[in-house]
Amino acid sequence: MTSFTTAITGLIKGKVQGVCFRTEAQKKARNFSLTGWVRNTADGDVEVLVVGNKLAVEFMKVWLAKGPSAAIVETVEFVNCEDPGLEDFEVRD
């Protein structure tokens, strides 16, 4: 991992399921050339792993804190993690 690459995991809480959050997050991440994944949790939250250029990851964090227009994000938590070496940004079940 270079000094210009960062990896984070995050948990987004609120009205974030049933609002196309995962699909829109995937589109946004691909636009930013990020890798990782997004998935719903059993608790009704959305979990993400985002890897890429530090600035692009920061832009993605801002987007995740708002989400798509139908979402109501209440809280977000991000922590740094190791880069697992994924090649794309995928929606997981």
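For clarity, every value in this text was computed on a predicted model and none was experimentally measured. (Residues numbered from 1 in each chain as written. Predicted model: local features only at pLDDT ≥ 70, side-chain atom pairs only at ≥ 80, totals over all residues. Heavy atoms only, no water.)

Helices and strands together make up the secondary structure of the chain, namely two helices and five strands. Ordered by position in the sequence, the α and β elements of the chain form the string β-α-β-β-α-β-β. Computed over C-alpha atoms, the radius of gyration of the chain comes to 12 Å, within 12% of the 12 Å expected from 2.2 N^0.38 for 93 residues, which places it in the range of a compact globule. For the chain, the spread of C-alpha atoms along the principal axes amounts to about 35 × 20 × 20 Å. (Helix = DSSP H or I, 4+ residues; strand = E, 2+ residues; numbered from the N terminus. Rg over C-alpha atoms; globule rule 2.2 N^0.38 Å.)

Buried within helix α1 (residues 21-31) are the following residues: Phe21, Ala25, Gln26 and Ala29. Looking down the long axis of α1, one finds its buried residues gathered within 130° of arc, a one-sided arrangement. Here the buried face of α1 lies against β1 (5-15), β2 (35-40), β3 (46-53), α2 (54-64), β4 (72-80) and β5 (89-92). Of the residues one or two after α1, Ser33 is the one with positive phi, at around 60°. (Buried < 20%, exposed > 50% of the residue type's maximum accessible area, 1.4 Å probe, protein only. Arc of directions from axis to C-beta. Contact = heavy atoms within 4.5 Å.)

Let us now look at the environment of Val91. Mapping Val91 onto the fold places it in strand β5. Through-space distance from the C-alpha of Val91 to that of Glu24 is 9.9 Å; in sequence the pair is 67 residues apart. Apart from the residues within four sequence positions on either side, Val91 is in contact with Arg22, Thr23, Gln26 and Val38.

Read across the sheet, five strands follow the order β4-β1-β3-β2-β5 without closing on themselves; strand pairing throughout is mixed. A strand with exactly one partner marks an edge of an open sheet, and here the two such strands are β4 and β5. Recorded for the sheet is a direction-independent mean angle of 20° between the axes of neighbouring strands. For β2 and β5, the ladder comprises four bridges, and the chain directions are parallel. Residue pairing across strands places Val38 opposite Val91, the latter belonging to β5. Contacts between α1 and the sheet are confined to β1, β2, β3, β4 and β5, with β5 contributing the most and set at about 170° to the helix. (Pairing = 2+ DSSP bridges. Axes fitted to C-alpha atoms, helices over the stretch in contact; angles between N-to-C directions.)

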